[in-house]
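Spelled out from the first residue to the last, the chains are:
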Amino acid sequence: MAKVYKDLREFLATLEEEGQLVRIKEEVNPEPDIGAAGRACANMAEKPAVLFEKVKGYKYSVVTNVHGSWQNHALMMGMPKNTPVKEQFFELNRRWDKFPVPPKIVSRENASCKENTVTENINIFEILPLYRINDQDGGFFISKASVITGDPEFPDDLNKQNVGTYRIQVKDIDRIGIQALPFHDIAIQLRKAEEVNEPLPIAIALGNNPLVTFMASTPVAYDQNEYEFVGALQDGVPTEIVKADTAEHLYVPAHAEVILEGYIMPRVRTCEGPFGEFPGSYSGARNQCEIKITRITHRNNPIFENLYLGMPWTEIDYLMALNTSVPLYKQLKSSFPEIQAVNAMYTHGIGTIVSTKVRYGGFGKGVAFRLLSTPHGMPYCKIIIIVDEFVDPFNLEQVMWALTTRVKPTEHVTIIHNCAGMPLDPSSIPAGMHDKLIIDATTPVPPEPNPRSVELLKPSPATPKWEEIIKKLMDAAAKK
Amino acid sequence: MKCKRCDLDTVRVMTKSPVGNEWEVYVCDTCHYSWRSTEEVHVNDVFKLKPDSIPGLQQIPPIPPLKTK
Ligand SMILES: [Zn+2]
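Predicted model, so just to flag it, every value in this text is computed and none were measured.

1. Some points on the overall build of chain A
Thought 1: The helix and strand tally for chain A stands at 14 helices and 24 strands.
Thought 2: For 480 residues, the compact-globule estimate of 2.2 N^0.38 gives 23 Å, and the C-alpha radius of gyration of chain A, at 23 Å, lies within 12% of that figure.
Thought 3: Its C-alpha atoms put chain A at 75 × 65 × 40 Å along the principal axes.
Thought 4: Considering chain A as a whole, with its 480 residues, one finds that 59% of them fall into the buried category.
Thought 5: Summarising the internal contacts of chain A: among those between residues at least 6 apart in sequence, 71% fall at separations of at least 24.
Thought 6: A total of about 19100 Å² of accessible surface is found on chain A, and carbon and sulfur atoms cover 56% of it.
Thought 7: Computed over 50 positive and 59 negative side-chain charges, the separation of the two mean positions in chain A equals 4 Å.

Encoded structure:
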């Protein structure tokens with residue numbers, strides 16, 4: 001049974017034991033120190049989480065880069081910290097199939113997130129050490145929230161309750177802006193509320209068990225419950241949730257550091273942004289939704305968990321890497337068992353590599369079409385590379401080998417004009433429209449001709465033995 | 001005080017530091033830009049806003065038509 005964390009604090013303790021968390025005990029300035037440290041982590045080889053114990057003018061601490069390395073990602077899954085990415089991918093896939101694992105609903109008394117309640121004179125600065133992440137951001141952003149909303153048409157259907165990650169801009173001490181892009185789940189619910197001019201109740205959980213945050217940023221089907229996925233990814237151990245205080249039908253992670261509750265004000269849009277986004281550039285000012293906060297509950301000495309975004313790779317790229325890859329793999333695999341693995345780690349799947357067996361001529365290109373017809377792939381996937389089954393899509397050296405030795409540009413490169421695109425991709429013009437590039441780097445099979453078929457070089461059977469001998473000698477040399 | 005982004009004087013104090021007298025946060029009620037008194041604020045020209053351009057910014061998501069009962 002994999003190690004499971006009840007809350008953020010248990011995970012931080014493990015990160016610290018494993019040398020993947022550093023504490024800054026000296027007081028820091030909110031700007032530019034916290035954002036700069038997030039960037040610095042991303043630049044390093046080891047990439048630890050950073051906990052700031054004292055932030056000037058604030059009461060509580062901040063932690064950043066919690067998900068920001070493959071080591072931290074492996075530890076999140078309860079695996080040894082040096083587990084290779086491909087192994088993490090297949091372990092996630094294995095656990096994914098345990099869905100659904102219903103969450104455990106705990107009483108208010110047993111939910112740490114309810115240790116303190118604020119209902120009057122709400123000021124989020126009293127609880128959260130808010131700061132500007134990148135210098136041209138239009139304000140202070142909450143970049144790592146798990147946002148919980150229900151479907152106004154089916155309030156009792158927990159499967160239609162959505163837990164998602166949306167960027168949030170602080171507009172006032174009790175008002176925050178939220179970005180709900182039209183293809184996001186929350187936009188479906190908001191539309192129903194706004195059509196009848198009703199507020200949409202909302203709860204925002206900050207500082208969660210790392211797999212809750214991970215699932216909140218995973219693209220799953222609209223009627224799939226994220227909490228049931230958390231239990232699956234915890235290898236069958238249910239996650240604990242508790243009823244929100246202000247909405248009967250919303251459930252929040254029971255041991256979150258902070259819960260903000262309130263509602264999206266119907267038919268209101270105010271200026272939001274710019275915000276430094278995951279493609280490594282700012283997305284500009286737009287008129288977006290606003291939330292009124294009516295209640296805060298929080299743990300004693302809450303820790304504010306937030307993430308840095310910048311030129312990839314930064315924490316967000318690690319957070320959205322495998323949780324974008326796995327659902328796409330599952331959807332493709334259910335149509336075509338030939339699919340071996342999917343690497344959708346580049347800018348949230350805008351660049352995606354699929355490894356597949358090839359059953360007949362044109363199969364690779366067909367797999368790309370299937371990818372483009374998945375709910376996430378349709379707007380996001382833009383540059384699609386299909387490689388043979390023996391190419392590891394997580395090994396870019398192998399992928400480059402496939403491109404350089406398998407691709408005949410006039411035959412294997414296809415551009416499809418005027419499709420859906422990801423609006424935050426600055427090359428999407430108009431924002432939301434794009435062309436698709438498919439590179440079929442698989443070896444041609446009949447009926448496609450392959451007049452220069454080749455024999456591949458095969459490693460000697462003695463190779464693993466020699467890998468071991470050389471590794472032992474290297475380890476011994478390193479100890480000297 | 002003028003807004004660092006849209007230049008209007010619709011700026012107010014949003015809050016003061018919860019601990020000590022370390023800083024204040026200002027917010028513009030026109031363009032919602034906010035900053036802390038301890039920051040060296042420089043809004044790049046490309047991100048400056050003209051107040052009358054704000055209503056015309058893209059609306060995300062678009063407000064749907066009201067359903068009549
Ligand atoms: Zn302004």
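The structure having been displayed, the exposition proceeds.
2. What to know about the overall build of chain B
Thought 1: Across its full length, chain B carries zero helices and four strands.
Thought 2: Listed N to C, the secondary structure of chain B is β-β-β-β in terms of helices and strands.
Thought 3: By the compact-globule yardstick of 11 Å for 69 residues, chain B is too spread out, its C-alpha radius of gyration being 16 Å.
Thought 4: Taking the principal axes of the C-alpha coordinates as reference, chain B spans close to 55 × 30 × 20 Å.
Thought 5: Taking all 69 residues of chain B together, the buried fraction comes to 39%.
Thought 6: In chain B, 32% of the contacts between residues at least 6 apart in sequence involve partners at least 24 apart.
Thought 7: With the model as given, the accessible surface of chain B reaches about 4200 Å², and the carbon-plus-sulfur share is 50%.
Thought 8: Of the side-chain charges in chain B, 10 are positive and 9 negative, and the distance between the mean point of each set is 9 Å.

3. Focus: the interface of chain A and chain B
Thought 1: Taken together, the contact pairs 45 residues of chain A with 36 residues of chain B.
Thought 2: Note on chain A versus chain B: buried area summed over both sides is about 3500 Å², and carbon and sulfur give 56% of it.
Thought 3: Contact with chain B buries surface across chain A, with A:Gln136, A:Glu195 and A:Asn287 losing the most and accounting together for 17% of the total.
Thought 4: Here chain A is connected to chain B by four salt bridges.
Thought 5: Taking the shortest distance from any N to any O, the salt bridge between A:Glu195 and B:Lys67 comes out at 3.4 Å.
Thought 6: Taken together, chain A and chain B are joined by 21 residue pairs in polar contact (both at pLDDT 80 or more).
Thought 7: Every element with two or more residues in the side of chain A that touches chain B is listed here: helix 2 (30-43), strand 9 (168-172), helix 5 (185-195), strand 15 (270-272) and strand 18 (286-298) of chain A.
Thought 8: For the side of chain A that touches chain B, the residue count by class is 18 nonpolar, eleven polar and 16 charged.
Thought 9: In terms of strand pairing, strand 18 of chain A meets strand 4 (residues 59-60) of chain B through two bridges, oriented parallel. Residue pairing for strand 4 of chain B: A:Asn287 is matched across the bridge by B:Gln59.

4. Observations concerning the packing of helix 9 (residues 322-335) of chain A against helix 10 (residues 363-372) of chain A
Residues and elements named next belong to chain A.
Thought 1: Viewed as axis vectors pointing N to C, helix 9 and helix 10 meet at an angle of 125°, and their least axial separation amounts to 10 Å. For the element pair helix 9 / helix 10, the angle class is oblique. The handedness of the crossing between helix 9 and helix 10 comes out as right-handed. Where helix 9 abuts helix 10, its residues Leu328, Gln331, Leu332 and Ser335 lie against Val367, Arg370 and Leu371.
Thought 2: Class assignment for the residues of the contact of helix 9 with helix 10 results in four nonpolar, two polar and one charged.

5. Regarding the nonpolar core
Thought 1: One finds A:Ile124, A:Phe125, A:Leu130, A:Ile178 and A:Ile204 to be the most contacted residues of the largest nonpolar core, which totals 113 residues.
Thought 2: Counting contributing residues per domain, this core is built from domain 1 (8-310) and domain 2 (321-441) of chain A, each supplying no fewer than three.
Thought 3: Dropping the residues within four chain positions of it, A:Leu130 is found in contact with A:Pro30, A:Glu31, A:Tyr58, A:Ile124, A:Phe125, A:Phe140, A:Ile142, A:Val170, A:Phe304 and B:Arg36.
Thought 4: Formed by 19 residues, the second largest nonpolar core is a distinct cluster that contains A:Val163, A:Tyr227, A:Ile241 and A:Ala254.

6. Let's talk about the coordination of the zinc ion
Residue and element names in this part refer to chain B.
Thought 1: Donor atoms from the polypeptide that coordinate the zinc ion comprise Cys3 (SG), Cys6 (SG), Cys28 (SG) and Cys31 (SG), at 2.3 Å from the metal.
Thought 2: Taken together, the four donor atoms coordinating the zinc ion span angles of 102 to 119° at the metal, a pattern that classifies the geometry as tetrahedral.
Thought 3: Spacing between the donor residues of the zinc ion along the chain follows C-x2-C-x21-C-x2-C.
Thought 4: According to the relative accessible area criterion, Cys28 is buried, its value standing at 0%.
Thought 5: Take Cys31: its relative accessible area is 0%, and that puts it in the buried class.

7. Thoughts on unusual backbone geometry
All names here are of chain A.
Thought 1: Cis geometry marks the peptide bond from Gly273 to Pro274, where omega comes out at 0°.
Thought 2: Positionally, Pro274 belongs in the loop between strand 15 and strand 16 (275-276).
Thought 3: Backbone geometry places Asn197, a non-glycine residue, at a positive phi of 60°.
Thought 4: One non-glycine residue, Asp235, lies in positive phi territory at about 60°.
Thought 5: Mapped onto the elements of the fold, Asp235 is located in the loop between helix 7 (226-233) and strand 12 (240-243).

8. Some details on a nonpolar patch on the surface
Thought 1: Taken together, the side chains of A:Trp466, A:Ile469, A:Ile470, A:Leu473 and A:Met474 define a hydrophobic patch exposed on the protein surface, amounting to about 530 Å² of accessible area.
Thought 2: Among the secondary structure elements, A:Ile470 is positioned in helix 14 (residues 463-479).

9. A look at the domain arrangement of chain A
Residues and elements named next belong to chain A.
Thought 1: Parsing chain A into structural domains produces domain 1 (8-310) and domain 2 (321-441).
Thought 2: The gap between the C-alpha centroids of domain 1 and domain 2 is 29 Å.
Thought 3: Listed as interface residues are 24 residues of domain 1 and, on the opposing side, 23 residues of domain 2.
Thought 4: Surface buried jointly by domain 1 and domain 2 totals about 2000 Å² across both partners, of which 77% is contributed by carbon and sulfur atoms.
Thought 5: At the boundary of domain 1 with domain 2, the tally comes to one salt bridge.
Thought 6: In this structure, Lys330 engages Asp97 in a salt bridge whose closest nitrogen and oxygen atoms are separated by 3.0 Å.
Thought 7: Joining domain 1 to domain 2, the criterion identifies five residue pairs in polar contact (both at pLDDT 80 or more).

10. As for empty space enclosed by the protein
Thought 1: This structure, assessed with the given rule, holds one cavity of 30 Å³ or more.
Thought 2: There is about 50 Å³ of room inside the largest cavity.
Thought 3: Here the lining of the largest cavity is built from residues that sort into five nonpolar, six polar and two charged.

The rules behind each value
Residues numbered from 1 in each chain as written. Chains lettered and ligands numbered in written order. Predicted model: local features only at pLDDT ≥ 70, side-chain atom pairs only at ≥ 80, totals over all residues. Heavy atoms only, no water. Helix = DSSP H or I, 4+ residues; strand = E, 2+ residues; numbered from the N terminus. Rg over C-alpha atoms; globule rule 2.2 N^0.38 Å. Buried < 20%, exposed > 50% of the residue type's maximum accessible area, 1.4 Å probe, protein only. Contact = heavy atoms within 4.5 Å. Areas by Shrake-Rupley, 256 points an atom, 1.4 Å probe, with all protein chains shown as cover. Lys, Arg positive; Asp, Glu negative; His and termini not counted. Charge placed at Lys NZ, Arg CZ, Asp CG, Glu CD. Buried area = accessible area lost by both parts, 1.4 Å probe. Salt bridge = Lys/Arg side-chain N within 4 Å of Asp/Glu carboxyl O. Polar contact = N/O pair within 3.5 Å; in protein donor to acceptor, adjacent residues only side chain to side chain. Nonpolar A, V, L, I, M, F, W, Y, C, P; charged D, E, K, R; others polar. Pairing = 2+ DSSP bridges. Axes fitted to C-alpha atoms, helices over the stretch in contact; angles between N-to-C directions. Parallel < 35°, antiparallel > 145°, perpendicular 65-115°, else oblique. Left-handed = near helix turned anticlockwise from the far one by under 90°. Core = buried A, V, L, I, M, F, W, Y, C linked by side-chain atoms within 4.5 Å. Domains from an automatic or database assignment. Donors = N, O, S within 2.8 Å, 3.2 Å for Na, K, Ca; no water. Tetrahedral: all angles 85-135°; square planar, octahedral: opposite > 155°, others 65-115°. Patch = residues over 30% accessible without salt bridge, like charges linked within 9 Å, V, L, I, M, F, W, Y side chains within 5 Å. 1 Å grid on protein atoms, 1.4 Å probe; cavity = no way out; pocket = protein on both sides within 12 Å on 5 of 7 lines; lining within 4 Å. Points joined across faces, edges and corners; volume = space filled by probe spheres on them.

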